[in-house]
Amino acid sequence: MVIGGDVQSINGILEYARKAPFYQGRLPARSLTSVSELTSIPLTTKADLRDYSPFGLLAVPKSETAVYFESFGTTGKPVSIWLTEEDLDDNADEINTGGVNLTEKDTVLIRYPYAISQIAHTFHFAARQKGACVIAASSRSTISPFPRVVSMMRSLEVTVLAALPLQALLLARTAELVGLSRGEDFPHLRAICTAGETLTPRRREVIQELWQVPVFDNYGMTEVGAAAMECPFGKLHPLVDHFAFEVLDEDRTTPVELGELGYLVITTLKRRATPIIRYWTGDRVRLFQESCPCGAGYRLEVRGRRESCLQVGDRLFDLWDLEEMVDGISARGLWAAGPLEPWGLHFVVESDQLDHNDLGKRIGALEELYQIPLQFTLVPPGTFYDPEELLSIGEVGKPRYIFSAEELKLKAYQKSLRL
Ligand SMILES: [Zn+2]
């Protein structure tokens, strides 16, 4: 099933795509007669994009391009994404469908990484279009370490923080370390906009509790832009005017029913410079048909990448499943998980504010519920991200939840309490 777009918009984007060397010969020469025909076109994978970068995906003359971005992978060669001026406008429109509803009264501190990646620039442009004042603080920069950003948020009366979820969490921790109270010392802050990492329900709750403001997440990637935005009612809606969505089984062929778990495939409907047809995102999702008071008719649940799942026997546990287990022992701190040898799951959890009463019982109940051996190793707060580092260098990478059994043991060895 294809959700979003119509046969006219899909034919429109196919016409653009045929101009890109990569898509020449991969797309039907004639127009489609129905939306469902889109599913007969081969998928585009990240490896395809990598192989054809930097110019093989380009569908307009170079003179029409306005900006260039790269998406980084772990395997070396980046994916090249070009945008025209109109693409930039569309991307800003996508961001501005979000529930945060920026106005000229807002001062937005952007803590997304600016270097070559798209989200900071798109968000920046979107905020400027709404008349908001932008502070381009960036991350991955030695110019703006955590304490400086916290200080700017306070002294410049920042109203909206835009950051990766982990950054929002670590900024809250930094504020605490330098003796600031998140509620009292940041009275102007009204919202946090997150993107770039899977925002699990519990991590959202923790960020909202820490900063005492609502979080508005967006789901997207440099390859396609912001494909789903959270509305004022806190629901993540796929942008059906900008993209066509499909959810396929792991076999990459069989469509799954609405509401069932599968992997998201996205076709950009408006992208002129680098249109992408049927992109296999690798993200594990559920797409629901349900109407929202904001007027949207679909809701998307993003549960993380296939690589962020732990497989035990024939069972697959994604980030949401793993987090539910951490929730089951009422732990609020950061956590990581890996395989337990010979069979089961091992969690290392920061023990901040953990109630130790009946902990063994809670773990037993979880083992009963999931029918799998579980081990929890509790470590002191600060094990995952050293407070000293937060106050000095202030650079952290992407969050990592899944480790090998050996790595996890290493993480857990210090001052830990095994249960
Ligand atoms: Zn809504």
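What you see is a predicted model, and the numbers here were worked out from it, not measured in a lab.

Bringing helix α9 (residues 359-370) into the picture now. Within an α-helix, residues lying three or four positions from one another point in the same direction, as the helix has 3.6 residues per turn. Spanning 12 residues, α9 covers 17 Å between terminal C-alpha atoms, matching the ideal 16 Å at 1.5 Å per step. When we look at burial in α9, the residues that qualify are Leu-359, Arg-362, Ile-363, Leu-366 and Tyr-370. Buried residues along α9 cover an arc of 100° about the axis, so they all sit on one side. Residues Gly-360, Lys-361 and Glu-368 are exposed on α9 and point more than 90 degrees away from its buried face. Where α9 ends, the next residue or the one after it, Gln-371, has phi of about 55°, a positive value.

With that settled, consider the pattern of salt bridges. Pairing between side chains becomes possible if they bear opposite charge and their charged atoms approach one another. Throughout the structure, instances matching the rule amount to 21 salt bridges. Taking the shortest distance from any N to any O, the salt bridge between Arg-154 and Asp-185 comes out at 3.5 Å. Linking Arg-154 in helix α5 (residues 146-155) with Asp-185 in the loop between α6 (165-177) and β6 (191-194), this pair joins segments that are 31 residues apart in sequence. We note a salt bridge from Glu-230 to Arg-204, for which the minimum N-O separation is 2.3 Å. Of this pair, Glu-230 sits in strand β8 (residues 225-230) while Arg-204 sits in helix α7 (residues 201-211), and the two are 26 residues apart along the sequence.

Counted residue by residue, β8 has 6 buried out of 6 residues, so it is predominantly covered. Here strand β7 (residues 215-221) pairs with β8 via 4 bridges, running antiparallel. Along β8, the bridge assignment pairs Tyr-219 with Ala-228. Between β7 and β8, which pair antiparallel in sequence order, lie 3 residues.

Where α5 contacts α6, the two axes come as close as 9 Å, and the packing angle between them is 85°. The orientation of α5 relative to α6 falls into the category roughly perpendicular. Contacts between α5 and α6 pair Phe-146, Pro-147, Val-149 and Val-150 from the former with Gln-167, Leu-170, Leu-171, Thr-174 and Ala-175 from the latter.

Looking at the metal site, the zinc ion is ligated by Cys-231 (SG), His-237 (NE2), Cys-292 (SG) and Cys-294 (SG), spaced 2.1 to 2.3 Å from it. Geometry at the zinc ion is tetrahedral, judged from the 4 donor atoms that bind it and their angles of 99 to 118° at the metal. Look at where the donors of the zinc ion fall in the sequence and you get C-x5-H-x54-C-x1-C. With Cys-231 in the loop between β8 and β9 (236-238) and Cys-294 in the loop between β12 (279-289) and β13 (298-305), this pair connects stretches of sequence that are 63 residues apart. For Cys-231, a relative accessible area of 3% puts it in the buried group.

What counts as what
Residues numbered from 1 in each chain as written. Predicted model: local features only at pLDDT ≥ 70, side-chain atom pairs only at ≥ 80, totals over all residues. Heavy atoms only, no water. Helix = DSSP H or I, 4+ residues; strand = E, 2+ residues; numbered from the N terminus. Expected span 1.5 Å × (residues − 1). Buried < 20%, exposed > 50% of the residue type's maximum accessible area, 1.4 Å probe, protein only. Arc of directions from axis to C-beta. Salt bridge = Lys/Arg side-chain N within 4 Å of Asp/Glu carboxyl O. Pairing = 2+ DSSP bridges. Axes fitted to C-alpha atoms, helices over the stretch in contact; angles between N-to-C directions. Parallel < 35°, antiparallel > 145°, perpendicular 65-115°, else oblique. Contact = heavy atoms within 4.5 Å. Donors = N, O, S within 2.8 Å, 3.2 Å for Na, K, Ca; no water. Tetrahedral: all angles 85-135°; square planar, octahedral: opposite > 155°, others 65-115°.

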